[in-house]
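Coordinates in review
Okay, here's what each chain looks like letter by letter:
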Amino acid sequence: MQTGTISVQTENIFPIIKKFLYSEQEIFLRELVSNAIDATTKLKTLADKDVFKGELGDLTIQIHLEKDKKTLTISDHGIGMTAEEVEKYLNQVAFSSAEDFLKKYKDADIIGHFGLGFYSAFMVAEKVEVISKSYKKGQKAVIWTCSGSPEYTLDDHDRKERGTDVVIHLSDDAKEFLDKHRIEALLKKYCKFLPVEIQFGMKTESRWEASSAEAGRAEEGDARKEIKEEKPNIINNPNPAWQQKPSKLTDEDYKNFYQELYPYSTAPLFWIHLNIDYPFNLTGILYFPKVGNQFELQKNKIQLYSNQVYVTDDVKEIVPEYLMLLHGVIDSPDIPLNVSRSYLQSDSNVRKITSYITKKVADTLKDLFKKKKDDFIAKWNDIGVFVKYGMISDEKFNEKAMKFALLKNVAGDYFGLEEYVEKVKPVQTDKYDKVVLLYAQSKDAQASYIKAAQDKSYDVLIMDHILDNHWLQHLEYKMEKITFVRVDSDSVDNLVQKDEKSESVLSGKDQEKVKSLFEEILTGEKNFIQLKAMSPEVHPVVITRPEFMRRMKEMQALQGMQFGDFPDSFNIVINTNHPLIADKLLNMRSPEKKQKFAKYLYDLARLNQHMLKGDEMNAFIAESIEFLK
């Protein structure tokens, strides 16, 4: 057996770094600013432990862009490096100073761990200079220079103040990073909540003063003048709300932070403050936005951070899909900055985080339902989207949500699932011992069907969300003793199937006459005509849409399924016990008038289904006037 050591040729390292270290070139700025943050954090840690006894002074990190020189400089006043440390940490790829520091000071909140971040500079640089002076007394400043090859130079430098400048001489392929607005946008994207102030040049702010009156005593109509002031352009908020203790935050603080994340957005319904340190570290705030009766996944609204460094807004491997509707921030140092989808899918900490978030959301909703039920009901139109989608897609969430999911009837009253079943059970239990939950999708479009059901003492739910078709099927599966039936899926006498049967007042011969008459005027739909003996109070002609076929068609439309179109199925039910059928229609002498009246009754049924439009509606109105005469 032969053993040996794999040889890595240093001259091949930089081409790999330039092309494959990170998926996006722009990441270099995040990495270098993060290093500056770490250098500053280390100094603070040493000061707290009384190792560094000097003045901290201004620790603001400065970003300088000099377009004419084609340079971008990241400057800090942190711990700095000696010549020996530069040799150790910059000349050995993946040798991290952060890793060394953490071994010594385990409680320090350091961002970097693996020592690769600095080399991301070479993705955009033709040359990199590092000018550094250590906090240690008696150490000279040094300048390290490298042009993207294994060769470097290390010399003394005349820098007087403690800290480090990383000067990037941008290559021709990276000219986009000479644009001030591009750099500012990247700083706000990746560094918006880093824990040390970051300044990118100056900004001009305006204020208005009365020009002819003393301050605070300006009279109405006094002229006002604009006062322009130059102020440091601070990019970030070093102390974001999710890093603070919930007990110290007011509702207004949470709402203001939401506006900081999503300017000009409608205020959120409520929020969940995440804070856990075992078995993993996680902080954050998740907001429930106002979504109304819609179902559009507003992805990329939850931002993932690691020690306040922005990682990604694609969190589908961490947050269950039904919670992608939430907004907010998740911060966990257990998720590395250079994150990949395959890593997230396989990492045990990520799975634990996913489980924790799901449980936290479910428990918060449950508490709100129990302790502030009126408030929960008031918000249900928005909350319901999350709850229904979660119940359909997550078994553990479903178990909890069965206790707080709500049904709403057409009268606007809300009920828990079990509560509602018990309410309608006495009247709406069918011959198969199933409780029939009647529902409508539109109070207006199905008004006549709703009234017919209410006239039989049935209660009718309103199920008008695009998810409801899936949700009610899910509930039928989970609650075996119930079935959902839409009010227009059958004649009202058959919505809750009983053993009782109504006898027709018409003889078999007269029924054939009625059927033949409607078949003559409805040649294209004659296969859908049914005769039923129903209550005289039911409409003479009713158009119904069978539950199964209609559900399949709606699910096909929602999912974009391509398994062939389900037909737009309907039945035309003739009520043989209605006086307009049994008496008036059959007793008309003129065959032409019979046909005209049968067509009128059919159009009346179409009117109830909102199927009449334009010229057909005008013709129906004219026919109504004629028959009323």
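Residues numbered from 1 in each chain as written. Predicted model: local features only at pLDDT ≥ 70, side-chain atom pairs only at ≥ 80, totals over all residues. Heavy atoms only, no water.

Looking at the overall build of the protein chain
Within the protein chain, the secondary structure is distributed over 20 helices and 21 strands. The buried share among the 629 residues of the protein chain stands at 48%. Put simply, of all contacts in the protein chain between residues at least 6 apart along the chain, 70% involve residues at least 24 apart. Accessible area of the protein chain: about 32,800 Å², with a carbon and sulfur share of 48%. (Helix = DSSP H or I, 4+ residues; strand = E, 2+ residues; numbered from the N terminus. Buried < 20%, exposed > 50% of the residue type's maximum accessible area, 1.4 Å probe, protein only. Contact = heavy atoms within 4.5 Å. Areas by Shrake-Rupley, 256 points an atom, 1.4 Å probe, with all protein chains shown as cover.)

Points about the packing of aromatic side chains
This structure, assessed with the given rule, holds 28 aromatic pairs. Centre to centre, the rings of Phe118 and Tyr119 are 5.4 Å apart; their planes meet at 80°, and the pair counts as edge-to-face. Given the relative accessible area of 9%, Phe118 is considered buried. Judged by its relative accessible area of 2%, Tyr119 is buried. With centroids separated by 4.4 Å and ring planes inclined at 20°, the aromatic side chains of Phe270 and Phe288 adopt a geometry described as stacked. Note that Phe270 is positioned in strand β9 (residues 270-276) and Phe288 in strand β10 (residues 282-288), a separation of 18 residues in sequence. The class of Phe270 is buried, set by a relative accessible area of 11%. Judged by its relative accessible area of 0%, Phe288 is buried. The structure contains a cluster of three or more aromatic residues connected by ring pairs, namely Tyr190, Phe193, Trp242, Phe257, Tyr305 and Tyr310. (Phe/Tyr/Trp six-rings, centres within 6.5 Å; stacked < 30°, edge-to-face > 60°.)

Considering the sheet that holds strand β17 (residues 460-462)
Strand order across the open sheet formed by 3 strands is β17-β16-β18, with parallel pairing between neighbours. Looking at the sheet topology across the chains shown, the edges are occupied by β17 and β18 (482-486). Here the average twist between neighbouring strands, direction ignored, is 40°. (Pairing = 2+ DSSP bridges. Axes fitted to C-alpha atoms, helices over the stretch in contact; angles between N-to-C directions.)

Honestly, that's just the spatial picture; any functional story needs more than this.
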